[in-house]
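# Observations on the model geometry
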Amino acid sequence: HKMQEAVELVQEPCNLQDTECLIVVLTKGVLESFGFAEALVTAFQNRVSLLPVRADDNFSYPDPCFYDALRKGNLMRLETIESRNTSYDSVEAAYRKLFNMLAMKFTPHGSETVQQVEVSIMAERLKDLRRQATTKSSPTCKHIASGNQSVDGCNHEGGLIVAAQSG
(Lines give C-alpha, C1' and ligand atoms only; values in the text may rest on other atoms or scores of the structure.)
Protein backbone atom coordinates (compact mmCIF):
# COMPACT_ATOMS: atom_id res chain seq x y z
CA HIS A 1 0.00 0.00 0.00
CA LYS A 2 2.01 2.92 -1.26
CA MET A 3 1.12 6.48 -0.39
CA GLN A 4 1.01 8.93 -3.29
CA GLU A 5 2.02 12.47 -2.44
CA ALA A 6 2.07 15.89 -4.07
CA VAL A 7 4.45 18.41 -2.53
CA GLU A 8 3.92 22.17 -2.36
CA LEU A 9 5.67 24.99 -0.55
CA VAL A 10 3.34 26.65 1.94
CA GLN A 11 4.13 30.14 3.17
CA GLU A 12 1.22 30.63 5.58
CA PRO A 13 0.17 28.25 8.38
CA CYS A 14 -3.48 29.10 7.73
CA ASN A 15 -3.28 26.46 4.99
CA LEU A 16 -3.14 23.85 7.76
CA GLN A 17 -6.64 24.55 9.07
CA ASP A 18 -8.36 21.77 7.10
CA THR A 19 -5.78 19.16 7.99
CA GLU A 20 -6.37 15.99 10.01
CA CYS A 21 -2.80 14.93 10.67
CA LEU A 22 0.65 16.39 10.27
CA ILE A 23 4.07 14.80 10.00
CA VAL A 24 6.39 17.18 11.82
CA VAL A 25 9.97 16.72 10.65
CA LEU A 26 12.45 17.53 13.42
CA THR A 27 15.82 18.94 12.39
CA LYS A 28 18.53 20.91 14.21
CA GLY A 29 17.40 24.43 15.03
CA VAL A 30 13.79 23.94 13.97
CA LEU A 31 12.38 24.81 17.39
CA GLU A 32 13.89 28.30 17.19
CA SER A 33 12.13 29.01 13.87
CA PHE A 34 9.11 31.28 14.29
CA GLY A 35 7.54 29.97 11.07
CA PHE A 36 7.73 26.44 12.43
CA ALA A 37 6.33 27.52 15.81
CA GLU A 38 3.47 29.41 14.16
CA ALA A 39 2.53 26.41 12.00
CA LEU A 40 2.61 24.13 15.03
CA VAL A 41 0.45 26.53 17.07
CA THR A 42 -2.05 26.68 14.20
CA ALA A 43 -2.12 22.87 14.05
CA PHE A 44 -2.52 22.68 17.84
CA GLN A 45 -5.39 25.21 17.83
CA ASN A 46 -7.15 23.28 15.06
CA ARG A 47 -6.73 19.96 16.89
CA VAL A 48 -4.59 18.47 14.12
CA SER A 49 -3.05 15.10 15.03
CA LEU A 50 0.74 15.29 15.07
CA LEU A 51 3.33 12.71 14.10
CA PRO A 52 6.85 13.86 15.02
CA VAL A 53 9.66 12.41 12.91
CA ARG A 54 13.29 12.93 13.88
CA ALA A 55 15.23 13.30 10.64
CA ASP A 56 18.44 14.77 12.04
CA ASP A 57 20.73 13.18 14.62
CA ASN A 58 21.74 16.71 15.67
CA PHE A 59 18.17 17.61 16.68
CA SER A 60 17.98 18.41 20.41
CA TYR A 61 14.77 17.72 22.30
CA PRO A 62 13.65 20.63 24.49
CA ASP A 63 14.59 20.51 28.16
CA PRO A 64 13.60 22.81 31.05
CA CYS A 65 16.35 25.29 30.06
CA PHE A 66 14.91 25.45 26.54
CA TYR A 67 11.42 26.27 27.84
CA ASP A 68 12.87 28.91 30.22
CA ALA A 69 14.73 30.52 27.31
CA LEU A 70 11.53 30.42 25.22
CA ARG A 71 9.48 32.13 27.95
CA LYS A 72 12.20 34.78 28.45
CA GLY A 73 12.20 35.61 24.74
CA ASN A 74 15.73 34.40 24.13
CA LEU A 75 14.72 32.11 21.22
CA MET A 76 12.14 34.20 19.35
CA ARG A 77 11.51 37.93 19.38
CA LEU A 78 8.41 39.01 21.29
CA GLU A 79 7.52 41.57 18.61
CA THR A 80 7.43 38.81 15.99
CA ILE A 81 5.26 36.54 18.13
CA GLU A 82 2.82 39.29 19.14
CA SER A 83 2.55 40.64 15.60
CA ARG A 84 1.19 37.25 14.52
CA ASN A 85 -1.38 37.08 17.36
CA THR A 86 0.30 34.28 19.24
CA SER A 87 2.21 34.05 22.52
CA TYR A 88 5.09 32.24 24.15
CA ASP A 89 2.51 30.27 26.13
CA SER A 90 0.81 29.00 22.97
CA VAL A 91 4.17 28.06 21.41
CA GLU A 92 5.16 26.22 24.59
CA ALA A 93 1.81 24.39 24.74
CA ALA A 94 2.15 23.29 21.10
CA TYR A 95 5.74 22.11 21.66
CA ARG A 96 4.77 20.20 24.80
CA LYS A 97 1.93 18.49 22.93
CA LEU A 98 4.31 17.55 20.13
CA PHE A 99 6.84 16.05 22.53
CA ASN A 100 4.24 14.23 24.59
CA MET A 101 4.64 11.34 22.14
CA LEU A 102 7.58 9.37 20.86
CA ALA A 103 9.09 10.66 17.65
CA MET A 104 9.54 8.27 14.78
CA LYS A 105 12.89 8.02 13.01
CA PHE A 106 13.79 8.88 9.42
CA THR A 107 17.34 8.40 8.15
CA PRO A 108 17.86 10.86 5.25
CA HIS A 109 21.20 9.35 4.33
CA GLY A 110 20.16 5.74 4.94
CA SER A 111 19.88 3.08 2.29
CA GLU A 112 16.74 2.82 0.22
CA THR A 113 15.80 -0.32 2.15
CA VAL A 114 16.13 1.44 5.50
CA GLN A 115 14.10 4.41 4.27
CA GLN A 116 11.38 2.15 2.85
CA VAL A 117 11.01 0.42 6.22
CA GLU A 118 10.91 3.74 8.08
CA VAL A 119 8.33 5.21 5.70
CA SER A 120 6.15 2.10 5.85
CA ILE A 121 6.11 2.36 9.66
CA MET A 122 5.16 6.05 9.37
CA ALA A 123 2.42 5.18 6.86
CA GLU A 124 0.87 2.71 9.32
CA ARG A 125 0.96 5.31 12.08
CA LEU A 126 -0.65 7.87 9.74
CA LYS A 127 -3.46 5.42 9.02
CA ASP A 128 -4.04 5.15 12.77
CA LEU A 129 -4.03 8.94 13.15
CA ARG A 130 -6.51 9.33 10.29
CA ARG A 131 -8.85 6.80 11.89
CA GLN A 132 -8.64 8.75 15.17
CA ALA A 133 -9.37 12.10 13.49
CA THR A 134 -13.14 11.70 13.47
CA THR A 135 -14.08 15.35 13.93
CA LYS A 136 -12.79 16.52 10.54
CA SER A 137 -14.57 15.80 7.28
CA SER A 138 -11.60 16.20 4.93
CA PRO A 139 -9.57 12.99 4.35
CA THR A 140 -6.31 14.91 4.06
CA CYS A 141 -2.98 14.37 5.75
CA LYS A 142 -0.29 16.98 5.32
CA HIS A 143 3.35 16.92 6.21
CA ILE A 144 5.52 19.80 7.38
CA ALA A 145 9.24 20.15 7.59
CA SER A 146 11.11 23.17 8.73
CA GLY A 147 14.68 24.07 9.47
CA ASN A 148 17.18 23.50 6.70
CA GLN A 149 16.25 20.04 5.51
CA SER A 150 13.10 18.13 4.65
CA VAL A 151 12.60 14.41 4.26
CA ASP A 152 13.67 14.68 0.62
CA GLY A 153 17.14 15.70 1.79
CA CYS A 154 16.94 19.09 0.05
CA ASN A 155 17.86 22.37 1.65
CA HIS A 156 14.70 24.49 1.91
CA GLU A 157 16.09 27.42 3.96
CA GLY A 158 13.58 27.19 6.78
CA GLY A 159 10.43 27.03 4.64
CA LEU A 160 7.49 24.79 5.35
CA ILE A 161 7.14 21.79 3.10
CA VAL A 162 3.62 20.41 2.87
CA ALA A 163 2.63 17.25 1.06
CA ALA A 164 -1.03 16.37 0.75
CA GLN A 165 -1.85 12.70 0.62
CA SER A 166 -3.96 11.66 -2.32
CA GLY A 167 -5.79 8.46 -2.87
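This write-up is about the structure you can find in this document. (Residues numbered from 1 in each chain as written. Predicted model: local features only at pLDDT ≥ 70, side-chain atom pairs only at ≥ 80, totals over all residues. Heavy atoms only, no water.)

### Description of the overall build of the protein chain
Along the backbone of the protein chain there are 5 helices and 6 strands. For the protein chain, the succession of helices and strands along the chain, N to C, is β-β-α-β-α-α-α-β-α-β-β. Looking at the protein chain residue by residue over its 167 residues, the buried ones come to 43%. Long-range pairs, those at least 24 residues apart, make up 72% of the contacts in the protein chain with a sequence separation of at least 6. (Helix = DSSP H or I, 4+ residues; strand = E, 2+ residues; numbered from the N terminus. Buried < 20%, exposed > 50% of the residue type's maximum accessible area, 1.4 Å probe, protein only. Contact = heavy atoms within 4.5 Å.)

### Some points on the packing of helix H2 (residues 64-71) against helix H4 (residues 88-98)
For the pair H2 and H4, interaxial distance at closest approach is 9 Å and the crossing angle is 155 degrees. Considered as vectors, H2 and H4 are oriented roughly antiparallel to each other. Crossing geometry of H2 relative to H4 is assigned as right-handed. Touching Phe66, Tyr67, Leu70 and Arg71 of H2 are Tyr88, Val91, Glu92, Tyr95 and Arg96, all from H4. Looking at the contact of H2 with H4, its residues break down into 6 nonpolar, no polar and 3 charged. (Axes fitted to C-alpha atoms, helices over the stretch in contact; angles between N-to-C directions. Parallel < 35°, antiparallel > 145°, perpendicular 65-115°, else oblique. Left-handed = near helix turned anticlockwise from the far one by under 90°. Nonpolar A, V, L, I, M, F, W, Y, C, P; charged D, E, K, R; others polar.)

### A look at unusual backbone geometry
Despite not being glycine, Arg47 shows a phi value in the positive range, around 55 degrees. Mapped onto the elements, Arg47 comes out in the loop between helix H1 (34-45) and strand S3 (49-54). A residue is classified by how much of its surface remains accessible, and Arg47, at 72% relative accessible area, is exposed.

### What to know about the nonpolar core
Core analysis: the largest hydrophobic core is formed by 24 residues, its most contacted members being Val24, Phe36, Leu40, Met76 and Tyr95. When residues of this core are traced back to their parent elements, those giving at least two are strand S2 (21-26), H1, H2 and H4. Counting residues per element, this core draws most heavily on H1, which supplies 6 residues. Judged by nonpolar contacts, the second largest core, of 11 residues, contains Leu51, Met122, Leu126 and Leu129. (Core = buried A, V, L, I, M, F, W, Y, C linked by side-chain atoms within 4.5 Å.)

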